[in-house]
Amino acid sequence: MPHSGQDAILFVGISIVAACVLRGKLGTTMLLLSGAALEALTVIPGWTLGRVGNSISWFLSIVPYELFFYIFLPPLLLDAGVRIDYFLFKRALLQVLTAAFLVVGFTTAAMIPLLLYVLRLADRGWGWQHVALLGSMLASTDAVAIINVMKERGGPRRLRVLLEGESLLNDASSFTLFSIFLSYVLGAHGGGGSGSGGNKTNNGAPVGWSVLGDVLGDMLKLAFGGLLFGVAFGLLAHWLLKFMRRHRAGIDQQVALTLAGGYLSFYTANSFHLSGVVAVAVFGLYGASTSTWDLPPASHGAFEAFWDALSFVANSIVFFFTGVREEERGGEREMEREFFFSFRRNFFFFFLEKLTHSFFSFSFFSPSPTNQTRSPSSTSSSGREP
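Residues numbered from 1 in each chain as written. Predicted model: local features only at pLDDT ≥ 70, side-chain atom pairs only at ≥ 80, totals over all residues. Heavy atoms only, no water.

S.K.: Pulling in residues and values, what's your account of the overall build of the chain?
M.R.: Assigned secondary structure in the chain consists of 15 helices and zero strands. Counting every position in the chain, which comprises 386 residues, the buried fraction comes to 46%. The long-range share in the chain, meaning contacts at least 24 apart out of those at least 6 apart in sequence, stands at 78%. Total accessible area on the chain is roughly 19200 Å²; 66% of this is exposed by carbon and sulfur atoms. (Helix = DSSP H or I, 4+ residues; strand = E, 2+ residues; numbered from the N terminus. Buried < 20%, exposed > 50% of the residue type's maximum accessible area, 1.4 Å probe, protein only. Contact = heavy atoms within 4.5 Å. Areas by Shrake-Rupley, 256 points an atom, 1.4 Å probe, with all protein chains shown as cover.)

S.K.: Can you tell me about the packing of helix α9 (residues 157–185) against helix α10 (residues 210–246), naming the residues and giving the values?
M.R.: For the pair α9 and α10, interaxial distance at closest approach is 10 Å and the crossing angle is 130 degrees. One way to sum up the angle between α9 and α10 is to call them oblique. In this structure, the crossing between α9 and α10 has a hand that is right-handed. In contact with S173, T176, L177, I180, F181 and Y184 of α9, α10 contributes V211, D214, V215, D218, M219 and L222. Across the contact of α9 with α10, the residue classes break down as eight nonpolar, two polar and two charged. (Axes fitted to C-alpha atoms, helices over the stretch in contact; angles between N-to-C directions. Parallel < 35°, antiparallel > 145°, perpendicular 65-115°, else oblique. Left-handed = near helix turned anticlockwise from the far one by under 90°. Nonpolar A, V, L, I, M, F, W, Y, C, P; charged D, E, K, R; others polar.)

S.K.: If you had to explain the packing of aromatic side chains to someone new, which residues and values would you point to?
M.R.: The full count for this structure, using the stated rule, is 16 aromatic pairs. What links up through ring pairs into an aromatic cluster is the set F68, F69, F72, F175, F178 and F321. (Phe/Tyr/Trp six-rings, centres within 6.5 Å; stacked < 30°, edge-to-face > 60°.)

S.K.: With reference to specific residues and values, describe the confidence of the model for the chain.
M.R.: Per-residue confidence for the chain gives a mean pLDDT of 76, with 72% of residues at or over 70. Across the chain, helix α11 (residues 251–271) holds the top mean pLDDT of 95, while helix α15 (residues 338–365) sits lowest at 44. Across residues 191–208, confidence stays below pLDDT 50; counting only partners more than four residues off in sequence or on other chains, it has 41 contacts. Here residues 326–386 scores under 50 on pLDDT; set against residues more than four positions off or in separate chains, the count is 99 contacts. (pLDDT = per-residue confidence, 0-100.)

S.K.: How would you summarise the pattern of salt bridges if you had to cite specific residues and measurements?
M.R.: The full count for this structure, using the stated rule, is five salt bridges. As a salt-bridge pair, R83 and E304 come within 2.8 Å of each other at their nearest N and O atoms. Of this pair, R83 sits in the loop between α4 (66–82) and α5 (86–91) while E304 sits in helix α14 (residues 300–323); the two residues are 221 residues apart in sequence, bridging distant segments of the chain. Residue class for R83 comes out buried when judged on its relative accessible area of 17%. (Salt bridge = Lys/Arg side-chain N within 4 Å of Asp/Glu carboxyl O.)

S.K.: How would you explain the nonpolar core if you had to name every residue and give the values?
M.R.: F11, W128 and W293 are the most contacted members of the largest nonpolar core, which has 83 residues in total. When residues in this core are grouped by element, the largest group, 11 residues, is from α9. (Core = buried A, V, L, I, M, F, W, Y, C linked by side-chain atoms within 4.5 Å.)

S.K.: Go over the environment of L78, please, and point to the residues and values.
M.R.: Along the chain, L78 turns up in helix α4. Residue class for L78 comes out buried when judged on its relative accessible area of 1%. Those residues within four positions of L78 in sequence are excluded, and the remaining contacts are T258, L259, G262, V280, F283, G284, W293 and W307.

S.K.: Give me the packing of α4 against helix α12 (residues 276–289): which residues, what numbers.
M.R.: Each packed pair of helices is defined by two parameters, the angle between the axes and the distance between the axes. At a minimum axis distance of 7 Å, the contact between α4 and α12 shows a crossing angle of 35 degrees. At the point where α4 passes α12, the crossing takes the right-handed sense. Across the interface between the two elements, L73, P74, L77, L78, G81 and V82 from α4 touch V277, V280, F283, G284, L285, G287 and A288 from α12. Partitioning the contact of α4 with α12 into residue classes produces 10 nonpolar, three polar and no charged.

S.K.: Quick rundown of the environment of L212? Include the residues and the values.
M.R.: As for its placement among the helices and strands, L212 is situated in helix α10. When its relative accessible area of 39% is taken as the criterion, L212 is described as partly exposed. Considered as a pair, L212 and A109 are 103 residues apart in the sequence and their alpha carbons are 9.5 Å apart.

S.K.: Tell me about a nonpolar patch on the surface, and name the residues and values.
M.R.: A cluster of nonpolar residues, F224, L227, L228, V231 and L235, forms a patch on the protein surface that exposes about 440 Å² of accessible area. On the secondary structure map, L228 appears in helix α10. Residue L228 is classed as partly exposed on the basis of its relative accessible area of 46%. (Patch = residues over 30% accessible without salt bridge, like charges linked within 9 Å, V, L, I, M, F, W, Y side chains within 5 Å.)

Below, the structure is given as C-alpha cells:
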C-alpha cells in the first residue's frame, strides 16, 4: 500500500533530475528509456523500491485521467504559441491550416478502412469509432526535432515558423478529433456505440455520410468555440496587464498572469464543451501577435526564462511518465482503474509515435557537425536564441 500521497512529488523530482542529466541529441529518447527502466525494477520479485515505487503508483493513478491534460497541456501549448514569429506565421497561415487540419483529418479518415479491413481489426470487435480514436492520436506529425536542429545549426526562418505553426495547430486538431471520437466510443453520441443501430453496421462501421457530417459539425463547433474563447481571454489578459502596469505591478506578477490566462482559457472552453486545446493555442498566438501582450522590452528576458524553465519541467514529466508503465495489479481498485489503464496504453502509443518522428528526424536530417555557423538573421525578434 502507498505510504502517503506526498510520494507523488517524488516522481516529479525524479523526472526533472533525469531530464537534466540526460541532455543531448537523444535526450528525449533516453528520458523515456530511463522511465521504462525504473518501471522494470518495480516488477522484479522482491523489489518494491519503497517510496519510489509508491510515487510511481500514485502519479500514474491519476483519476480522472483528464486531470493529466488539465495540468500539462496549457503550459506546453501556450509556450509553443506565444514564442512563434507571428509575422511569418501570418504569411504561412494557409499552409499551416492545410497541414494542421485537412491533412490530419484526411489521415485519420484513411486509417479507418486500413485498420478495419486491411489489418482486419473489425474481425476482432473493433468498430470505426475505436480505429478513428487511435487514428486521431497517430495522425499528427511532430516537427520538434527538425525545428531544434534548425535552431542550433541555422536554417530558413520561414520554414521553421511553418513547422512550428503546423506542430502547434495539428496538436490542437488531433486532440479535438480525439475528444470527438472518444465521445463516440463512450456512447455520448446517440447510436454511436459499436453494434448500435441507425447508420452503423453490427461491427460499428459507418454506412452513410451522416456520421461524417456529425464529426465535421462537432469539429467546427469545438474549434470555432475554442477560437472565440482564446481571443476573448487574450483580450482580457491584454487589458489586465495594462491595468497592472499602471499600478506598478512587478514583472513576476505579469508573467504569472499569462500562465493563469492559459489555464483559465483551457478550463473555461472545456467547461462549455468546446476545445480547450484550440483556446489555449489561440490565446498564445494572440500573445505572439501583440509582442507578449505588450510587455515592456526590458521584461522579455524574464518572460523567456520563466517559460523556458516551465516548458522544460512539463516536458520532462510527460516523457518520463510515458516511459514508466505501472504493472498490472489485482486488488480492489482494478475495476475502478480499468478505463485509465486502457487510455494510458493508447496515450503511450501516441507519444511513441512522436518519439519515432523525433528519432528519425535527428538521425537523417541533422546537418553535418562541421556546418555550425549561424546566420545573423536567424536570431529571433524577441532576442531568444533560435
